[in-house]
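Chains, contacts and geometry: an overview
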Amino acid sequence: MGKGYYHVDSKPYEILSPPGAKSGFNGNLLPGVPFYGPSIVQVSEYSGNLTAAQYPIIGLLFPRGNQVNSTITNFSLSTSPQNMAPGGYLGFPDYYFGNVSYSLLEISYVHFGHQMVISYLLASLGPPTVNSSINLLASVFPDFGFNSSAMQRAVMLILNIGYGNAVPAQDWPGWIL
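Notes on the structure in this doc start here.

Here is what the cut-offs are and how they apply
Residues numbered from 1 in each chain as written. Predicted model: local features only at pLDDT ≥ 70, side-chain atom pairs only at ≥ 80, totals over all residues. Heavy atoms only, no water. Helix = DSSP H or I, 4+ residues; strand = E, 2+ residues; numbered from the N terminus. Buried < 20%, exposed > 50% of the residue type's maximum accessible area, 1.4 Å probe, protein only. Contact = heavy atoms within 4.5 Å. Areas by Shrake-Rupley, 256 points an atom, 1.4 Å probe, with all protein chains shown as cover. Patch = residues over 30% accessible without salt bridge, like charges linked within 9 Å, V, L, I, M, F, W, Y side chains within 5 Å. Salt bridge = Lys/Arg side-chain N within 4 Å of Asp/Glu carboxyl O. Core = buried A, V, L, I, M, F, W, Y, C linked by side-chain atoms within 4.5 Å. Phe/Tyr/Trp six-rings, centres within 6.5 Å; stacked < 30°, edge-to-face > 60°.

Let's shift gears to the overall build of the chain. Looking only at helices and strands, one finds three helices and twelve strands in the chain. Across the 177 residues in the chain, those meeting the buried criterion constitute 34%. Residue pairs at least 24 apart in sequence account for 52% of intrachain contacts in the chain once pairs closer than 6 positions are excluded. Summing over all exposed atoms, the chain offers an accessible surface of approximately 10600 Å²; the carbon and sulfur share of this is 56%.

Put into structure tokens, the structure is as follows:
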């Protein structure tokens, strides 16, 4: 929004499925609810115009250079880009992965113009990383009231960022080679 303010919307969903039933996340179902499963329930909703100080996840979404500095976590991004298979939404960009010290987090970034932007976050949250899990979830959903008792079940957070019809910088020779 400018002047350090961001418009933030978040809607957490709970996917309940009996053992053996298929459930998960499919980014191709956007802009609708990208989750699928036998039972999907929206458990909260939040919207507001916030700064990075009020909403710590903004530092995770939009790093400064190749450094991610947030009250949630701090790490650097890889300096050499990597390619993955072309995707339906992102195309064939160069990915920069976060150099994180714990194995329960996979995070990557792409260039949109001159700004690195998070492209993918997969975090398996729950014991034994309860405190960091609560900080991350409380930042994404500030009014939901996460606490240690809410973290007794395993929680998976999948975050994809997109805006309009924009795509990140493409590795055009990579499409051919």
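On the surface, Leu29, Val33, Tyr36 and Ile40 cluster together into a nonpolar patch covering about 300 Å² of accessible area. Note on placement: Val33 falls in the loop between strand 3 (24-25) and strand 4 (35-36).

With that out of the way, let us pick up the nonpolar core. Core analysis: the largest hydrophobic core is formed by 19 residues, its most contacted members being Leu60, Phe75, Ile107 and Tyr109. For this core, the secondary-structure elements that each account for two or more residues are strand 6 (46-51), helix 1 (57-61), strand 8 (74-77), strand 10 (105-112) and strand 11 (115-125). Among the elements that take part in this core, helix 1 stands out by supplying four residues, more than any other. When near neighbours in sequence (up to four residues on either side) are disregarded, Phe75 contacts Leu60, Asn66, Gln67, Val68, Gly98, Asn99, Val100, Ile107 and Tyr109.

As a further point, take the environment of Gly24. Take Gly24: it is sitting in strand 3. The spacing of Gly24 and Pro34 is ten residues in sequence and 8.5 Å in space, taken between C-alpha atoms. The contacts of Gly24, once residues within four sequence positions are left out, are Ile15, Pro34, Phe35 and Tyr36.

Tracing the backbone shows Ala85 in the loop between strand 8 and strand 9 (96-99). Non-local contacts of Ala85, meaning those with residues more than four positions away in its chain, are made with Gly91 and Phe92.

Time to look at the packing of aromatic side chains. Applying the stated criterion to the full structure yields two aromatic pairs. Consider the rings of Tyr6 and Phe62, whose centres lie 5.5 Å apart with planes at 15°: the pair is stacked. Taken together, the residues span a long stretch of sequence, with Tyr6 in strand 1 (residues 5-10) and Phe62 in the loop between helix 1 and strand 7 (67-69) at a distance of 56 residues. Assessed through its relative accessible area of 27%, Phe62 is described here as partly exposed.

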